[in-house]
There are 2 protein chains.
Amino acid sequence: MDKIPILKMGHFLLITIQVDMHDRLAMTLQDDLTSRVVKDRAKGVLIDISSLEVVDSFMGRMLGNIAAMTRTLGAETVVVGMRPAVAITIVELGLSLESVRTALNVDKGMEILTALLETPVEADGHEHHPE
Amino acid sequence: MDKIPILKMGHFLLITIQVDMHDRLAMTLQDDLTSRVVKDRAKGVLIDISSLEVVDSFMGRMLGNIAAMTRTLGAETVVVGMRPAVAITIVELGLSLESVRTALNVDKGMEILTALLETPVEADGHEHHPE
């Protein structure tokens, strides 16, 4: 397995991580994903990690990096399907996933992305409140 | 890797096949998928095979079986993302994928499923039309 497929669904891209990531696979994913965000003009990225039974600091960092990279390109990332045991590990490891949005499943993740898409944003990157 | 994740998206289920299937994995997928179709009351199943560079007769038969099983449970299956080389192999191998619907990508597959969902079907075991 040398690359993880990226599926386009409307304005969003979906990635299902089914195997443990190693350095090269993570690099390829970052390259492919950032290219696809630009090529497909994607507004959001969903990363499903429901297959993962463990998340180590490498994986945690990778998810954070991907979220930061796609945000720079104008697309929000939502990590979906995290198992309870993985959430426990993430906190116990002290991994900061603060910059990463999470949702219970793909449907909920899609709702978050759609809501973000509909919220008008002001120039300095803040939400717009009509007076 | 001992199971392939099944993602729920609205009325549909999505499976991304990223690894070569062996007997046990295929069995597990059939079991999991049929259970999920019933549990989630799914109306359609999308199987993405864009990662697969080759499809052998085992895989071809498995796709046909899955389509037949889900149809029996009232859900249509669409295989999406087939590579040109795979399409060539399938014909050259003489694999009959007649019972399997295919589409270029997830978006197109979703369109087919949505259209099927909206098409009223006639009598024997079918939708009701108020007079």
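Above this note sits the structure.
Reading guide: rules and limits
- Residues numbered from 1 in each chain as written.
- Chains lettered and ligands numbered in written order.
- Predicted model: local features only at pLDDT ≥ 70, side-chain atom pairs only at ≥ 80, totals over all residues.
- Heavy atoms only, no water.
- Contact = heavy atoms within 4.5 Å.
- Buried area = accessible area lost by both parts, 1.4 Å probe.
- Salt bridge = Lys/Arg side-chain N within 4 Å of Asp/Glu carboxyl O.
- Polar contact = N/O pair within 3.5 Å; in protein donor to acceptor, adjacent residues only side chain to side chain.
- Helix = DSSP H or I, 4+ residues; strand = E, 2+ residues; numbered from the N terminus.
- Nonpolar A, V, L, I, M, F, W, Y, C, P; charged D, E, K, R; others polar.
- Least-squares fit on C-alpha atoms with pLDDT ≥ 70 in both.
- Pairing = 2+ DSSP bridges.
- Axes fitted to C-alpha atoms, helices over the stretch in contact; angles between N-to-C directions.
- Parallel < 35°, antiparallel > 145°, perpendicular 65-115°, else oblique.
- Left-handed = near helix turned anticlockwise from the far one by under 90°.
- Buried < 20%, exposed > 50% of the residue type's maximum accessible area, 1.4 Å probe, protein only.
- Right-handed = clockwise from strand over helix to strand, strands pointing away.

Colleague: Now, about the interface of chain B and chain A: what can you tell me, with residues and values included?
Modeller: Of the residues lining the interface, 17 residues belong to chain B; the matching set on chain A comes to 17 residues. The contact between chain B and chain A buries some 1,500 Å² in all, and 56% of this surface belongs to carbon and sulfur atoms. Counting across the interface, chain B meets chain A through two salt bridges. Seen at the junction of chain B and chain A, the total is five residue pairs in polar contact (both at pLDDT 80 or more). Elements with a contribution of two residues or more to the side of chain B that touches chain A: β1 (6-9), β2 (12-16) and α4 (106-118) of chain B. Grouping the amino acids of the side of chain B that touches chain A by side-chain chemistry returns nine nonpolar, five polar and three charged.

Colleague: Help me get a handle on the environment of N105 of chain A, residues and values and all.
Modeller: Residue and element names in this part refer to chain A. Summarising the element assignment, N105 is placed in the loop between β5 (101-103) and α4 (106-118). When near neighbours in sequence (up to four residues on either side) are disregarded, N105 contacts V80 and G81. Within the local environment of N105, its side chain forms a polar contact with the backbone nitrogen of D107, the two atoms lying 3.3 Å apart. A polar contact of 2.9 Å, which involves the side chain of N105, links it to the backbone nitrogen of K108.

Colleague: Requested: an account of the relation of the copies chain B and chain A, with residues and values cited.
Modeller: When chain B is fitted to chain A, the best match, at an RMSD of 0.0 Å, comes from turning it 180° and sliding it 0.0 Å along the axis. Those values place the two copies in the arrangement expected of a two-fold rotation axis. In this assembly the copies share their binding face: 100% of the residues contributing to the interface of chain B also contribute to that of chain A.

Colleague: Explain the sheet that holds β2 of chain B to me, and be specific about the residues and the numbers.
Modeller: Residue and element names in this part refer to chain B. With mixed pairing, the five strands of this open sheet are ordered in space as β1-β2-β3-β4-β5. For this open sheet the edge positions go to β1 and β5 (101-103), each flanked by a neighbour on one side alone. Taking the axes of each pair of neighbouring strands and ignoring which way they run, one obtains an average angle of 25° across the sheet. Contacts from helix α2 (residues 57-72) reach β3 (44-48) and β4 (76-80), with the element oriented near 150° to β4.

Colleague: Can you tell me about the side chain of T77 of chain B, naming the residues and giving the values?
Modeller: Mapped onto the elements, T77 of chain B comes out in strand β4. Apart from residues lying up to four places away in sequence, T77 of chain B is in contact with V45, I47, I66, A67, T70 and R101 of chain B.

Colleague: How would you summarise the packing of helix α1 (residues 23-39) of chain B against α2 of chain B if you had to cite specific residues and measurements?
Modeller: Residue and element names in this part refer to chain B. Running from amino to carboxyl end, α1 crosses α2 at an angle of 15°, the nearest separation of the two axes being 10 Å. When the axes of α1 and α2 are compared, the pair comes out roughly parallel. Crossing of α1 against α2: the hand is right-handed. Every residue of α2 that contacts α1 at D23, A26, L29, Q30, L33, T34 and V37 is listed here: F58, M62, N65, I66, M69 and T70.

Colleague: Now, about the pairing of strand β2 (residues 12-16) of chain A: what can you tell me, with residues and values included?
Modeller: Residues and elements named next belong to chain A. Among the five residues that make up β2, five are buried, leaving the element largely enclosed by the rest of the structure. Here β2 shows no split at all, with F12, L14 and T16 on one side and L13 and I15 on the other all buried. Alignment of strand β1 (residues 6-9) against β2, held across four bridges, turns out to be antiparallel. By the bridge assignment for β2, M9 is matched with F12. As consecutive antiparallel partners, β1 and β2 are separated by two residues, and within that stretch G10 has a phi angle of approximately 60°, a positive value. As paired strands, β2 and strand β3 (residues 44-48) are joined by five bridges and run parallel to one another.

Colleague: Break down the pairing of β3 of chain B for me, citing the residues and quoting the values.
Modeller: Residue and element names in this part refer to chain B. Counting buried positions over the five residues of β3 gives five, a clear majority of the element. Going residue by residue along β3, you find G44, L46 and D48 tucked away on one face and V45 and I47 tucked away on the opposite face as well. For the crossover that starts at β2, traverses α1 and ends in the parallel β3, the hand is right-handed. Examined bridge by bridge, β3 and β4 share five bridges and lie parallel to one another. Within the sheet, the bridge partner assigned to G44 lies in β4 and is E76.

Colleague: Describe the sheet that holds strand β4 (residues 76-80) of chain A, with residues and values.
Modeller: Residues and elements named next belong to chain A. Pairing is mixed across the open sheet formed by five strands, whose spatial order is β1-β2-β3-β4-β5. Whereas interior strands pair on both sides, the edge strands pair on one side only; in this sheet they are β1 and β5. Taking each pair of neighbouring strands and ignoring which way they run, the sheet shows an average axis angle of 30°. Sheet topology note: the β4/β5 ladder contains three bridges and is parallel. Following the sheet pairing, V78 is matched in β5 by R101.

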